[in-house]
Amino acid sequence: MIEVVSVRFKNRGKSYYFSPNGLKIEAGKKVIVETSKGLEIVDCCRGNHMVMDTSVIQPLRNVVRIATADDLRVAELNKRREKEAFEICQQKIAEHGLDMRLVDVECNFEGNKTMFFFTSDGRVDFRELVKDLAGIFRNRIELRQIGVRDEAKMIGGIGICGRPYCCSQFLDDFQPVSTKMAKVQSLSLNPAKISGSCGRLMCCLRYEQEAYEELIKKVPKQGAFVETKDGYGTAVQVNLLRQTVKVKLDNDSDDSLRLYKSNELCAVPGGRPKDGETPPHVLNYVPEPEEEQEPEEDKWVLPSAEPVRVQEPAQERRENKSRSNNRRRNRQKKPKPQTPAPAAEPKQEAKPAHAQPKAHGHSRGNKSNPKVVKVEAKPAQNQKAENAPKSASKEGQNREGAPRRSNNRRRRYYHNKPKAGGENKQA
């Protein structure tokens, strides 16, 4: 592999490889290169890239430098000189009465050579013309005769396809084109329709020639005697791109045509046999297996699977905590493990005063010691929580482990003050 850059001279189709000489060159830049005719300013169409050694013609010339402001100024001066030289040369051609048509003028970058390109139907004696031009421009003069295709490449233009000429865009060399290519591709043989602006056959006729040559091998020619799966007949119409043939069968009484694919018929060698002879059997037809079409699945229907559970929002979960315990247990996915609560001491409900046993002192007849009655007040709002599990501790803990609210669920004890001469009543 070798590193090169691709450049074009005056943006004319073919590109050439040059060594970057250690420079980093981007596409679209103008560079100065060294040629056999001296220094030239060219357009870089592709930056630094690697190519195979076999695709490079040695010796590989170097890029001198990237064009500077002074180099671009010199290139502009040369363009002005080219326009002036073109007008002067046309005047001299008319004075000498030469049968030639001037196409283009080029001045090299160093300014010591001027080239004139012209077309002509025959040979032209332009020796006197060269002497006159050399006396005017005071440098080396070169006249070069080119063909009509090169003329279209230099001038450029738009083809009948609506795009710029292929020769002025990307074609490196002109390949031979014949009328047979148009005939194989079933195109009109009218010269006006298959010719370019240069008057020659269009270069694009060669692009698909190889593909058509491969297709022709698979189908018989038009008018050939063929054998089909339904019998013998004559190929009337051939479609190369679709690989189909319309056949007029011999055993059909009417003039109807049948359409066959390329694998459903075969040309009989030797053509149609003479009267009384049996045509040979050459077709080896194997029907193609029919492809099973799978039913199209509806892309909007989800495949059968377990129902998707959508997690409830946090706000909704907080609201559901205030509902009944049974509904909350059904909604919980994974119940929280509960630690076994220690056995709570049985509580005795408060009894009315007349049902309470009388408190006795140390002696049966002593009534000075008052009786103390313990009453537990239950909040009215906690009636639904009676069936809930009891707290694991009496140290201010509720059933879920959160601290009790001191204002609502604290147990209060009321003590009755003794009254003189009687029993204490419930507060």
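From a predicted model like this one, the values you see are computed outputs, not experimental measurements. (Residues numbered from 1 in each chain as written. Predicted model: local features only at pLDDT ≥ 70, side-chain atom pairs only at ≥ 80, totals over all residues. Heavy atoms only, no water.)

Asker: Honestly, the packing of aromatic side chains in this entry has me stumped. Any pointers?
Answerer: Between two aromatic rings, the relevant description is the distance of the centres plus the angle of the planes. Under the counting rule described, the total for this entry stands at four aromatic pairs. A ring pair is formed by Phe116 and Phe137, whose centres lie 6.3 Å apart and whose planes are at 45 degrees; its orientation type is tilted. In this pair, Phe116 is assigned in strand 7 (residues 113–119) and Phe137 in helix 2 (residues 127–137), connecting sequence segments 21 residues apart. Considering the side-chain rings of Phe225 and Tyr232, the 5.6 Å spacing of their centres and the 5 degrees angle between planes classify their relative orientation as stacked. (Phe/Tyr/Trp six-rings, centres within 6.5 Å; stacked < 30°, edge-to-face > 60°. Helix = DSSP H or I, 4+ residues; strand = E, 2+ residues; numbered from the N terminus.)

Asker: Explain the environment of Ala224 here, please?
Answerer: If you trace the backbone, Ala224 turns up in the loop between helix 7 (209–216) and strand 9 (225–228). Distance in space between the C-alpha atoms of Ala224 and Val236 is 8.1 Å, their sequence separation being twelve residues. Excluding residues within four positions of it along the chain, Ala224 makes contact with Gly233, Thr234 and Ala235. (Contact = heavy atoms within 4.5 Å.)

Asker: What is the right way to read the sheet that holds strand 2 (residues 16–18) from this model?
Answerer: The strands making up a sheet are joined through hydrogen bonds of the backbone, oriented either antiparallel or parallel. Strand order in the open sheet formed by five strands is 2-1-4-3-5, with antiparallel pairing between adjacent strands. If you trace the sheet from one side to the other, it starts and ends with strand 2 and strand 5 (63–66), each paired once. Ignoring which end each strand starts from, the neighbouring axes of this sheet average 45 degrees apart. Two elements, strand 1 (residues 2–8) and strand 2, share three bridges in a ladder whose sense is antiparallel. Within strand 2, the residue paired with Ser6 across the bridge is Tyr17. (Pairing = 2+ DSSP bridges. Axes fitted to C-alpha atoms, helices over the stretch in contact; angles between N-to-C directions.)

Asker: I would appreciate a short explanation of the pattern of salt bridges in the present structure.
Answerer: Any two side chains of opposite charge can pair, given that their charged atoms come close. As enumerated under the stated definition, the model contains twelve salt bridges in all. Put simply, Asp43 and Lys30 hold a salt bridge, and the shortest N to O gap is 2.5 Å. Placement of Asp43 in strand 4 (residues 38–51) and of Lys30 in strand 3 (residues 30–35) is noted, with a sequence separation of 13 residues between them. Three or more residues are tied together by salt bridges with common partners; here these are Lys113, Glu142 and Arg144. (Salt bridge = Lys/Arg side-chain N within 4 Å of Asp/Glu carboxyl O.)

Asker: Explanation requested: the state of the cysteines in the structure shown.
Answerer: Put plainly, two cysteines are in a disulfide when a covalent bond ties their sulfur atoms together. For the coordinates displayed, the defined rule picks out zero disulfides. The thiol sulfur of Cys45 is not disulfide-bonded, and the nearest other cysteine sulfur, from Cys44, lies at 6.3 Å. Given the relative accessible area of 35%, Cys45 is considered partly exposed. With no disulfide partner, Cys203 has as its closest neighbouring cysteine sulfur the one in Cys167, 6.1 Å distant. (Disulfide = S-S within 2.5 Å. Buried < 20%, exposed > 50% of the residue type's maximum accessible area, 1.4 Å probe, protein only.)

Asker: Help me out: how do you make sense of the nonpolar core in this one?
Answerer: Soluble globular proteins: nonpolar side chains tend toward being buried together. By size, the foremost hydrophobic cluster in this structure holds 13 residues, and its most contacted members are Met100, Phe116, Leu133 and Leu143. Where this core is concerned, the elements lending two or more residues are helix 1 (69–96), strand 6 (101–107), strand 7, helix 2 and strand 8 (140–145). Looking at which element gives the most residues to this core, the answer is helix 1, with three residues. Beyond its immediate chain neighbours, meaning those up to four positions away, Leu133 contacts Cys89, Lys92, Phe116, Ile141 and Leu143. (Core = buried A, V, L, I, M, F, W, Y, C linked by side-chain atoms within 4.5 Å.)

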